[in-house]
Amino acid sequence: MNFLKENKFAAITITLLVILNIALLSVFALPKLMHDSRGKDYKPGSFMADKVGLNQTQMAQYFSLQETHREKMDDLQSQINTKRKELFDLLKIEGNHTELVDSITSQIGTLSAETEETTYKHFASIRAICTPEQLVKLDNILKEAMRKRGFREDNNPRQQRERRSPRSN
């Protein structure tokens, strides 16, 4: 113990190493503990199903809808990513590509519109399996999710931007 009192640098270094080891262990251990706490039957989308209070029949329908929706959205996102790559690959080629850029951006827009429509239809399908009491809960969850994504009911994009990032003078 006298050694640590006499050599403050060693004491500080050892303390720092202990703290770093604890932090490192928590980084690796906490995610595993958090994952295990959800249980082996946890599925993506369980949060909404639990909050809405779906029964077993509704849960089966919900997870079927969820799987179909995820497959469709993954496919659309893959197509959008391919088109974006095509678009930005044009930057590497000299020349005027206005018509090709217009065509690709139009295709991206069409695919983006399809993702919005697919999402709308997905939630309409979920609403169709809910009871009136569950619809109230579902609507609140969707409203909160949209609020977290920056959607405001006033729908003014400029005011939404200003709320998210106020300008400094």
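Structural data are supplied above this passage.
Nothing here was measured: the structure is a model prediction, and the numbers come from that model. (Residues numbered from 1 in each chain as written. Predicted model: local features only at pLDDT ≥ 70, side-chain atom pairs only at ≥ 80, totals over all residues. Heavy atoms only, no water.)

Draft legend 1. Quick peek at the nonpolar core. Counting 14 residues, the largest nonpolar core has Met48, Val52, Leu54, Tyr62, Cys130 and Leu138 as the members making the most contacts within it. When contributions to this core are tallied by element, the ones reaching two or more residues are α3 (46–52), α4 (56–89) and α6 (132–148). Top contributing element to this core by residue count: α6, with 4 residues. Not counting chain neighbours up to four residues away, the residues in contact with Met48 comprise Tyr62, Phe123, Leu138, Ile141 and Leu142. Core analysis: the second largest hydrophobic core is formed by 8 residues, Leu76, Leu90, Ile104 and Leu111 among them. (Core = buried A, V, L, I, M, F, W, Y, C linked by side-chain atoms within 4.5 Å. Buried < 20%, exposed > 50% of the residue type's maximum accessible area, 1.4 Å probe, protein only. Helix = DSSP H or I, 4+ residues; strand = E, 2+ residues; numbered from the N terminus. Contact = heavy atoms within 4.5 Å.)

Draft legend 2. Structural view of the pattern of salt bridges. Under the definition given, this model contains 8 salt bridges. The shortest N-O distance in the salt bridge between Lys85 and Asp89 comes to 2.8 Å. One end of the pair, Lys85, and the other, Asp89, are both in helix α4, 4 residues apart, so they sit about a helical turn from each other. Look at Lys85 and you get exposed, because its relative accessible area is 52%. Judged by relative accessible area, which is 25%, Asp89 ranks as partly exposed. Taken together, the salt bridges that share partners define one network made up of Lys85, Asp89 and Lys92. (Salt bridge = Lys/Arg side-chain N within 4 Å of Asp/Glu carboxyl O.)

Draft legend 3. Highlighting the packing of α4 against helix α5 (residues 98–128). In the contact formed by α4 and α5, the axes pass within 10 Å of each other and the chain directions differ by 170 degrees. Relative to α5, the element α4 is oriented roughly antiparallel. Classifying every residue of the contact of α4 with α5 gives 11 nonpolar, 11 polar and 5 charged. (Axes fitted to C-alpha atoms, helices over the stretch in contact; angles between N-to-C directions. Parallel < 35°, antiparallel > 145°, perpendicular 65-115°, else oblique. Nonpolar A, V, L, I, M, F, W, Y, C, P; charged D, E, K, R; others polar.)

Draft legend 4. Looking closely at the packing of aromatic side chains. Under the criterion given, the structure shown has 1 aromatic pair. Ring centres 5.2 Å apart and planes at 70 degrees place the aromatic pair Tyr62 and Phe63 in the edge-to-face group. Among the residues examined, Tyr62 registers a relative accessible area of 2% and is labelled buried. (Phe/Tyr/Trp six-rings, centres within 6.5 Å; stacked < 30°, edge-to-face > 60°.)

Honestly, that's just the spatial picture; any functional story needs more than this.
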